[in-house]
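Architecture and fold: a report
Here's the letter readout for the chains.
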Amino acid sequence: MSNSKARKTTFQKSNQGESCASSDSSDFDDFCSSEKETTEIAVNPLDVIHAVFLCSDPFLQQELLRKMSMCQFALPFVIPDVINQKHVLLLHGLRSITKEWRPHSCDGKGFIEDNMAVRPLPIVSFVRVGQCSLSKSKTINEILTDGKHDIFLHRDIDGGNCPRKISEGMIEVSWYLPRGKMDTDHFPGPFTVLNMRVDVTKQPPSHLQFLTQVSTAMFFFVENITEDVYHVLSSTCSPEKGTHVISNMVEQGSDNTQHSIRKLWKEGKINKDCTVLKKPNMNNAEFLERLRNLMMKTLCEGKMSLEQAAEEARTCNICVDEDVKESRSGDRSAQNVLNKIKGTSAMCKKDQLYLQGKFWEKWIKLDKEQSRPKKHHQNDNLSMYIDDLEEQKSNIRNDQYTKGLSSLMKAFVEELKESSHNHLSRAFFLQSMKQGLEVKCRKTIHPLREEYKRLYEESEHEKLVRLDKTISESSLGLEHLIREMAQMYEAASSRKSTEEFRDFPRLAAQMMLDGYPLELIDGDVSGIPLLWVKAVLKELSILINPETRFPVVSVLGVQSTGKSTLLNTMFGVQFAVSSGRCTRGAFMQLVRVEREVKEKLKCDFIMILDTEGLKAPELANICDSHEHDNELATLVIGLSDVTIINLAMENVAEMKDILQIAVHAFLRMKEVGKKPICHFVHQNTGTVSAHDQNMRDKKHLIDQLNAMTEQAAKMEKKHPTYSKFSDVLDYDPNHNNWYIPGLWYGNPPMASVNPEYSAQVLELKQYILDQFVKRKPMTVSELNTWVEDMWKAVKTENFIFNFRNSLVAEAYNELCMKNTQWQWSFTKNIYSFLERAENELNNADMANVDDLFKQQTRELNRDIEKGKTTMKEDLNHYFEKDDCGKNAQLVEKFRKEFEIGMDSLCREVNRLSLQKLEIVVDVRKKQRRTDDI
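A few points on the structure. (Residues numbered from 1 in each chain as written. Predicted model: local features only at pLDDT ≥ 70, side-chain atom pairs only at ≥ 80, totals over all residues. Heavy atoms only, no water.)

Section: helix α11 (residues 306-315)
The following threshold applies: When accessible area is computed with a 1.4 Å probe and restricted to protein chains, residues below 20% of their type maximum are described as buried, those above 50% as exposed, and intermediate ones as partly exposed. Each helix is a run of DSSP H or I of at least 4 residues and each strand a run of E of at least 2, with the numbering of both proceeding from the N terminus. Taking the helix axis as origin, the arc is that swept by the directions to the C-beta atoms.
What α11 keeps buried is the set L306, A309, A310 and A313. The buried residues of α11 all sit within an arc of 110° when viewed along its axis, so they share a single face.

Observations concerning the environment of G110
Where we set the bar: Throughout, a residue-residue contact means that at least one pair of heavy atoms, one from each residue, lies within 4.5 Å.
Note on placement: G110 falls in the loop between β3 (98-101) and β4 (112-115). With 340 residues separating them in the primary sequence, G110 and E450 have C-alpha atoms 7.8 Å apart. The residues contacting G110, other than those within four sequence positions of it, are R102 and K453.

Concerning the pairing of strand β2 (residues 86-89)
Quick note on the threshold: Here, strands pair whenever DSSP counts at least two bridges between them.
Of the pairings in the sheet, the one linking strand β1 (residues 75-81) to β2 comprises 4 bridges and is antiparallel in character. Paired with V78 across the strands is L89, a residue of β2. With antiparallel pairing between neighbouring strands as the criterion, β1 and β2 make up a hairpin whose turn holds 4 residues, including Q85 at a positive phi of roughly 55°. One ladder, built from 2 bridges, connects β2 with strand β11 (residues 319-320); its direction is parallel. Looking at β11, one finds that L89 is bridged to V320.

What to know about helix α12 (residues 325-338)
Condition: Each residue after the first adds 1.5 Å to the expected span of a helix.
Given a rise of 1.5 Å per residue, 14 residues ought to cover 20 Å, and the 20 Å separating the end C-alpha atoms of α12 matches this to within 8%. Every buried residue belonging to α12 is among S327, G330, S333, A334, V337 and L338, and all of these are buried. One side of α12 carries all its buried residues, which in axial view fall inside an arc of 135°. Turned more than 90 degrees off the buried face of α12, the exposed positions are K325 and R332.

Considering the sheet that holds strand β5 (residues 123-128)
Selection criterion: For helices, the axis comes from a line fit to the C-alpha atoms of the stretch in contact; other axes are also lines fit to C-alpha atoms, and the angle between any two N-to-C directions lies between 0 and 180 degrees.
If you walk across this open sheet you meet the 9 strands as β10-β9-β8-β5-β7-β6-β1-β2-β11, and the pairing is mixed. The open sheet terminates on both sides in strands that have one partner only, identified here as β10 (275-278) and β11. Relative to β10, strand β9 (residues 243-248) runs parallel, the two being bridged by 4 bridges. Counterpart to V245 in the pairing with β10 is T275. Its contacts with the sheet put helix α6 (residues 136-145) on β5, β6 (170-176), β7 (191-199) and β8 (217-222), and the angle it makes with β7 is roughly 165°. Taken strand by strand, helix α7 (residues 205-214) contacts β1, β2, β5, β6, β7 and β8, and its axis lies near 165° from that of β7.

Here's the deal with the packing of aromatic side chains
Heads up, the rule is: Pairs were defined over the aromatic rings of Phe, Tyr and Trp, the Trp ring being its six-membered one, requiring ring centres within 6.5 Å. Orientation was assigned from the angle between planes: stacked under 30 degrees, edge-to-face over 60, tilted for the rest. Definition used: whenever NZ (Lys) or CZ (Arg) falls within 6 Å of the ring centre and also within 35 degrees of the ring normal, the charge is taken to sit over that ring.
Applying the stated criterion to the full structure yields 13 aromatic pairs. Seen in terms of ring centroids, Y489 and W532 are 5.9 Å apart; in terms of plane orientation they differ by 65°. Their pairing is edge-to-face. Here the residue Y489 occupies a position in helix α19 (residues 478-494), and W532 occupies one in helix α21 (residues 530-543), the gap between them amounting to 43 residues. One residue, K403, lies across the ring of Y354, its end atom 4.8 Å from the ring centre.

Side note on the side chain of N115
Worth spelling out the cut-off: Within 3.5 Å is the distance limit for a polar contact, defined as a pair of N or O atoms, with the added protein rule that one can donate a hydrogen and the other accept it, and that residues adjacent in sequence qualify only through two side-chain atoms.
Structurally, N115 can be placed in strand β4. Overall, N115 belongs to the buried group, its relative accessible area being 6%. In terms of polar contacts, N115 uses its side chain to reach the backbone amide nitrogen of A117, at 2.9 Å. Setting aside residues up to four positions removed in sequence, N115 forms contacts with L94, R95, S96, I97, T98 and R442.

So, the pairing of β3
Because side chains alternate across β3, one face comprises the buried residues K99 and W101, and the other comprises T98 and E100, none of which is buried. One ladder, built from 4 bridges, connects β3 with β4; its direction is antiparallel. The residue of β4 that forms the bridge with E100 is E113.

Some thoughts on the packing of helix α16 (residues 407-419) against α19
Let me state the cut-off plainly: Working rule for angles: under 35 degrees goes down as roughly parallel, over 145 as roughly antiparallel, 65 to 115 as roughly perpendicular, anything else as oblique. Three categories are distinguished: nonpolar for Ala, Val, Leu, Ile, Met, Phe, Trp, Tyr, Cys and Pro, charged for Asp, Glu, Lys and Arg, and polar for the others, with Gly belonging to the last.
As a packed pair, α16 and α19 sit with axes 11 Å apart at the nearest point and diverge in direction by 95°. With respect to their mutual orientation, α16 and α19 come out roughly perpendicular. On the side of α16, the interface is formed by L408, M409, F412 and V413, while α19 contributes L478, L481, I482, E484 and M485. Residues that form the contact of α16 with α19 fall into these classes: 8 nonpolar, no polar and 1 charged.

Structure follows, in structure tokens:
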């Protein structure tokens, strides 16, 4: 759930309050007995975390670490395995964690994004030697966050004072990441923090040796330096190792401690300026400032990645979780494939993934043209035109089949087949592939972003456009490899030669059951590889019970409004998230339903549909972007039982177009007998009064939906059967509107997840699950048929005048009708003038014809100018008067186009009118010459 309260483990018996209340307050022994009972039933949170990780497989560990990292919890790095009497370093689990930060060296521009397992950073380790009343973990929290958030558990939190029973010896890891703000950042650059959870005098020397080998700086917390403590410090400390000693000076043992520290100074084990003595009269602010200053001096002295630290751990008899047979096999297989990638990710797609490039893009355009001919000339034979398109499509498939799979794809398919018989090996292989492709993509995009910043500052517009396209094409992930398999399968299917590639759909279906999403709509070309999707779903129905039913939940919304994050939090999936355009097209993913919930929901799986952001800025200038959004919205809503319309904050203005697209889609679903549920989720609503304060907004939203439905019904010729939104689907504004606070509690990158966010998402999820009980979801075969029917319907759909929504279309249509009236009035006046002028020229004396023509030319120019002024006044009056133009504000952006059209009409009428008058004059002159002869 990504809930920052998840570490609260203290609980009380139900009769605890009663017994305390009935106790005699004067009986101090009974009072203490009651307090002791409460303590006994509390568990140290670190023990709970440790136990959970010991009971989890590597992939659950990875998911837990990722969620804990979002909450800014310290992560288990080295955990003691009390059963097998060994320590294990969790490197595999940490490979899923990617962070963003902005060091001060970036000068407030740009950011760095990297995987925290492979990024070399300074490592600062904190160790306690002997007993110490100063809380080491609490001090670290205050250094990193000013104590605003408990990254590391400490004795003063709920349950933190309970004795640790199994987690002694654990080493935790966290990171400090700057925002790039001088006034709020304590440190200018990032670094790794390691915290050992034990008195090192009671641990094997190898564990302290490990920390010494990997750390840029080590901070020892001591209080009373006994003989054992002095031995550890003497054998470990040296100025070369960046050793620092923090001593809490208390009265008991103070003299002995001071003597021991002076001795360490004289022996050259530590430097005097690397020692901090917290005397009783030193306040906490001064103490923390001295510690930060010490840390600042050490951060530039050396760097090491956690991956490199794992190599050091092996030399210290610490096991690494990636050393298991399946992990090594999966990583080796993934490297065999990744080694085939040469150059940048964009070059890889061009050289190795060529079937999905121009081939697939051209094929899908021909397929849509075949379903809805736009370029067909009326004089040509339509049947022949369609046959020609079919032949072109067939030629493209033949070319794809002839080229075949690249060496990269052959290696990937071969390794995928080899690992298909072992679930764990396949899981490790796919995970390593996913992470390796992310690293390759990140190495490609980072220099491109730097180049983009440079060109932006130099205002190189044309180069920026080309570079922006290159950045968009530089994404590379597992979905691109599966997409290449899909194209090969479709090419083979068109030639009836699927025998060689018959395993492809089964491999993809197995990946779906493993929790990997399947690309339904290719966002790069806005198309569905229908034969491939049908084949994968058919194989899926074989792998699971064909009668298995699963409800479908989808999300729609403007780009970068947190759609994928919402689904990830709600269902525990792992759709890609970040600012900008992550998801392209639409992906479907299966989520297994726990046994105890199956009976209630009457289903074994839930299908999740994640979609790309609508109204994407990079598509704004593309003429078919409206169709892209309309097709996506119609398909997704048509396939869903529940659709979540994701809105940014309370204001729905930015979603008007999307809501109207949705209305049309809902209306069509009503006509085919499908009635999906719709929820509006308003994200980033900050105040407790958001729900009540937005009553007016809800009413305004309903009014808008009703107006959109009415206009959509008119255009679909379904009015007055459907006149309001509730006629199309069941929509309750009191239960289908959700207000969710912002995701982050503070300012990233050091911000944790807002606990209210996950709590509200859980409430929404529970409500959606309750609605599933009342509906009969689809089987896989029914979904298969529905996907085919929906795609065929969308391909033949003519999306409303190339507009994004019906209200704009209606307003534009009304303005066009008005403009036609104004232009007809203008041209009628000019035609009347021309008729009169021609008669005057034909009846005038020949000697006066030239003078009369000049006079009429002046009158014509005057009338045209007057008519143009009248038309523009009518146009302005249309926009200024509410009663003259219904929804005129929706087409305000077209006002200039109509004014230009009026100017163009006047110039053309002037040219034709003068030409006509000149012809009359020429005819008269020719007639006079003939008479003279």
